[in-house]
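# Analysis of the macromolecular model
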Amino acid sequence: MEPWKQAEMAFENTMAGTYDFHYYRSPISKAHLREFFNLVRRYAVPDRFVLDVGGGTGAVTERLLRRGYRRIVTVDLSLAMLREAKKKMPELTAIVCDGEHLPFKDDSFRTVICSSVLHHLPFPDRMLGEIKRALAPYGVVVAQEPNQSHCLSKPRFSQVSGVAMGLMHYLYRIEQYEPVSEPPIHEYHRAFTRDELVSLFSAQMFILDFRSRFAFSCLFTKLHSPMMSRMILAVDRLLRGNEGSVFHIVCSKSEGGHRTLLKNYLRFLEQLRQDPDQRMPGAFLVILPALIVLGRFYEFYERVRQKLGKSVY
Ligand SMILES: C[S@@+](CC[C@H](N)C(=O)[O-])C[C@H]1O[C@@H](n2cnc3c(N)ncnc32)[C@H](O)[C@@H]1O
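Residues numbered from 1 in each chain as written. Predicted model: local features only at pLDDT ≥ 70, side-chain atom pairs only at ≥ 80, totals over all residues. Heavy atoms only, no water.

## Regarding the environment of E12
As for its placement among the helices and strands, E12 is situated in helix 1 (residues 3-15). With 180 residues separating them along the chain, E12 and F192 place their C-alpha atoms 20 Å apart. Within the structure, E12 has its side chain in polar contact with the side chain of H120 (distance 3.3 Å). (Helix = DSSP H or I, 4+ residues; strand = E, 2+ residues; numbered from the N terminus. Polar contact = N/O pair within 3.5 Å; in protein donor to acceptor, adjacent residues only side chain to side chain.)

## Some details on helix 8 (residues 194-202)
Considered for burial, the residues of helix 8 that qualify are L197, L200 and F201. Down the axis of helix 8, the smallest arc covering the buried residues is 90°, so these residues share one side. Next to the buried residues of helix 8 lie helix 6 (124-134), strand 5 (135-146), strand 6 (206-213) and strand 7 (246-252). (Buried < 20%, exposed > 50% of the residue type's maximum accessible area, 1.4 Å probe, protein only. Arc of directions from axis to C-beta. Contact = heavy atoms within 4.5 Å.)

## Observations regarding the side chain of T74
Along the chain, T74 falls in strand 2 (residues 72-76). The residues contacting T74, other than those within four sequence positions of it, are D52, G55, T61, L82, L92, T93, A94 and I95.

## Quick look at the domain arrangement of the protein
Per the domain assignment, the segments making up the protein are domain 1 (3-255) and domain 2 (260-307). Distance between the C-alpha centres of domain 1 and domain 2: 37 Å. (Domains from an automatic or database assignment.)

## Focus on the packing of aromatic side chains
According to the stated counting rule, one finds eight aromatic pairs in the structure shown. Here Y19 and Y24 contribute two aromatic rings whose centre-to-centre distance is 6.0 Å and whose plane-to-plane angle is 65°, an arrangement assigned as edge-to-face. Grouping aromatic residues by their ring pairs yields a cluster made of Y19, Y23 and Y24. Positioned over the ring face of F21 is R25, at 4.0 Å from the centre of the ring. Directly above the ring of F214 sits R213, whose terminal nitrogen or CZ lies 5.3 Å from the centroid. (Phe/Tyr/Trp six-rings, centres within 6.5 Å; stacked < 30°, edge-to-face > 60°. Lys NZ or Arg CZ within 6 Å of the ring centre and 35° of its normal.)

## What to know about the pairing of strand 4 (residues 109-115)
Within strand 4, six of the seven residues are buried, leaving the element largely enclosed by the surrounding structure. Relative to strand 4, strand 1 (residues 50-53) is paired through three bridges, and the arrangement is parallel. Considered in strand 4, the bridge of V50 is made with T111. Crossover handedness for the path strand 4 to helix 6 to strand 5: right-handed. (Pairing = 2+ DSSP bridges. Right-handed = clockwise from strand over helix to strand, strands pointing away.)

## Focus: the sheet that holds strand 7
The mixed open sheet is built from seven strands, whose spatial order is 3-2-1-4-5-7-6. Of all the strands in the sheet, just strand 3 (93-96) and strand 6 have a single pairing partner and so form its edges. In this sheet, adjacent strand axes meet at a mean angle of 15° when their direction is disregarded. Where strand 4 and strand 5 come together, six bridges link them in parallel fashion. (Axes fitted to C-alpha atoms, helices over the stretch in contact; angles between N-to-C directions.)

Structure, rendered in structure tokens:
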């Protein structure tokens, strides 16, 4: 095994027992996780296979299971991390493996989650290439990664970040927060810049959604007080036009994600409007979506009828 994978495995094995305590204990980190989870739910289809690559202690998968998703597979390099996940979810399908060599056939998963994994790797493109292979043609990857150059790190925000740091130390002192020692992280671990992440993903897939979140609250992820946490999170909303500390990325193997389909359709309607000669053949395509919607309604109606046990004839 390559040295960086050994270093990563050793680090995660040491962290496993206290991982949730470090990263998911405070109301602010829970709010960050909730936001990412809501994004995952927008794309993950309950009765299709979902893969969580580098799933760790199962922070995201646990929530999916609670919401009734059943076809979830988690893979991770670290056995200790997956053991923690299994303690919480004995029913979880968990496989110890390297995300650069996934033990699945091509086009197996409708959704792949990749939460805070790529920034641990010296060659994130390798894992992303493997994820793409295992992803179904119209499947979607939902990922999050830390932002190296978020707004509080920029000179024009130096005063804001100075005040934020002061506030952070003050609040942590009131709460008597004792930083629990974490093992030293290895040299391959670093946050991404926006440009790095855009070129990493767009080199392999089509980016459907890309945004940064949490401009302010990233400094307070160990805060305990629910009331203070709510106030800190409200400041994120004030700074939402600026670079946040975490990137949320959604991308697809095929360009025909539903947004692109809608965009192409609207472009087509615009062309029709400008070119009267195309109106006759165009009319058919205009009514096509209406027919598809009607078809879906009919399918739903039939299912309800059959459930109620009434004969169709
Ligand atoms: C920061 S943790 C994130 C855990 C989880 N996804 C979450 O959001 O809480 C990174 C995880 O990626 C896993 N990992 C790192 N390199 C990996 C690789 N090559 N293959 C599979 N998992 C890997 C680590 O073991 C660790 O559990």
